[in-house]
Amino acid sequence: MPEDDIRARVQQVAVRQQRFERHLARALDVDAMGLEAMDHLITSGPATPTELARRLEISTAAMTLVLNRLEGAGHVRRDRHPSDGRKLVVTAASSSSDRAYELVLPMIDGIEELVAGMDAAERATVQTFLDRLIRIYDDATD
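Residues numbered from 1 in each chain as written. Predicted model: local features only at pLDDT ≥ 70, side-chain atom pairs only at ≥ 80, totals over all residues. Heavy atoms only, no water.

Caption draft 1: Layout of the overall build of the chain. Each helix and strand counted, the chain has 6 helices and 2 strands in total. The N-to-C order of helical and strand elements in the chain reads α-α-α-α-β-β-α-α. Here the C-alpha radius of gyration of the chain, 18 Å, is well above what a compact globule of 142 residues would show, namely 14 Å. Dimensions of the chain along its principal axes, counting C-alpha atoms only, are 55 × 35 × 30 Å. Residues counted as buried form 25% of the 142 residues belonging to the chain. Counting only contacts in the chain whose residues sit at least 6 apart along the sequence, the fraction spanning at least 24 positions is 43%. Accessible area of the chain: about 10000 Å², with a carbon and sulfur share of 54%. Seen as two clouds, the 18 positive and the 24 negative side-chain charges of the chain have centres 5 Å apart. (Helix = DSSP H or I, 4+ residues; strand = E, 2+ residues; numbered from the N terminus. Rg over C-alpha atoms; globule rule 2.2 N^0.38 Å. Buried < 20%, exposed > 50% of the residue type's maximum accessible area, 1.4 Å probe, protein only. Contact = heavy atoms within 4.5 Å. Areas by Shrake-Rupley, 256 points an atom, 1.4 Å probe, with all protein chains shown as cover. Lys, Arg positive; Asp, Glu negative; His and termini not counted. Charge placed at Lys NZ, Arg CZ, Asp CG, Glu CD.)

Caption draft 2: View of the side chain of His 40. Inspection of the secondary structure puts His 40 in helix H2 (residues 32–44). The exposure class of His 40 is buried, given its relative accessible area of 19%.

Caption draft 3: Region of interest: a negative patch on the surface. A cluster of like negative charges, contributed by Glu 21, Glu 36, Asp 39 and Glu 57, occupies part of the molecular surface. Within the element layout of this structure, Glu 21 appears in helix H1 (residues 6–28). (Patch = residues over 30% accessible without salt bridge, like charges linked within 9 Å, V, L, I, M, F, W, Y side chains within 5 Å. Salt bridge = Lys/Arg side-chain N within 4 Å of Asp/Glu carboxyl O.)

Caption draft 4: Structural view of the pattern of salt bridges. One pass over the structure, following the stated rule, counts 4 salt bridges. Where Glu 102 meets Arg 99, a salt bridge forms, and the shortest distance between an N and an O atom there is 3.3 Å. You can see Glu 102 and its partner Arg 99 sitting in helix H5 (residues 94–116), 3 residues apart, about one turn around the helix. Judged by its relative accessible area of 34%, Arg 99 falls in the partly exposed class.

Caption draft 5: Summary view of the nonpolar core. Counting residues in each nonpolar core, the largest one holds 23 residues, and the members touching the most others are Leu 41, Leu 52, Met 63 and Leu 70. Of all the elements in the fold, those that place two or more residues in this core are H1, H2, helix H3 (49–56), helix H4 (60–72), strand E2 (88–92) and H5. Leave out the neighbours within four places in its chain, and Leu 52 touches Ala 37, His 40, Leu 41, Ala 47, Met 63, Leu 67 and Val 90. (Core = buried A, V, L, I, M, F, W, Y, C linked by side-chain atoms within 4.5 Å.)

Caption draft 6: Geometry of unusual backbone geometry. The phi dihedral of Asp 29 is positive, around 60°, even though this residue is not glycine. Tracing the backbone through its elements, the reader meets Asp 29 in the loop between H1 and H2. For Asp 29, a relative accessible area of 63% corresponds to the exposed category. One non-glycine residue, Glu 57, lies in positive phi territory at about 60°. Structurally, the position occupied by Glu 57 is in the loop between H3 and H4. Exposure remark for Glu 57: the relative accessible area of 73% places this residue in the exposed category.

Here is the structure:
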């Protein structure tokens, strides 16, 4: 890969992100959709099954299957909504959240160390590039 081939490096980051997600899924013993649901629950907090289905862009029936698998594996629990007993609220099990955090922490630390080693100009250049890259991805999926 030539030194100035940014496109190839962006592709390699995407490949490594996918590889890392597969690693997480294997380590947590969940499928890809289960991992995505867990990610939402861990980062955003408890949600109703309907909210999760909307976030993952799947049907509520498919979300029920995902939640059944996650609950069966002890990764989530479903409780009655505190103010509307007709609804359920899904919460990530703290042991699963802790395990996911353990797996992700080395990467978070590595990125923080990398960013801390950059000067202001380098950070500004990388931030501008990443903002534009995110916009390209968003435009391609809107």
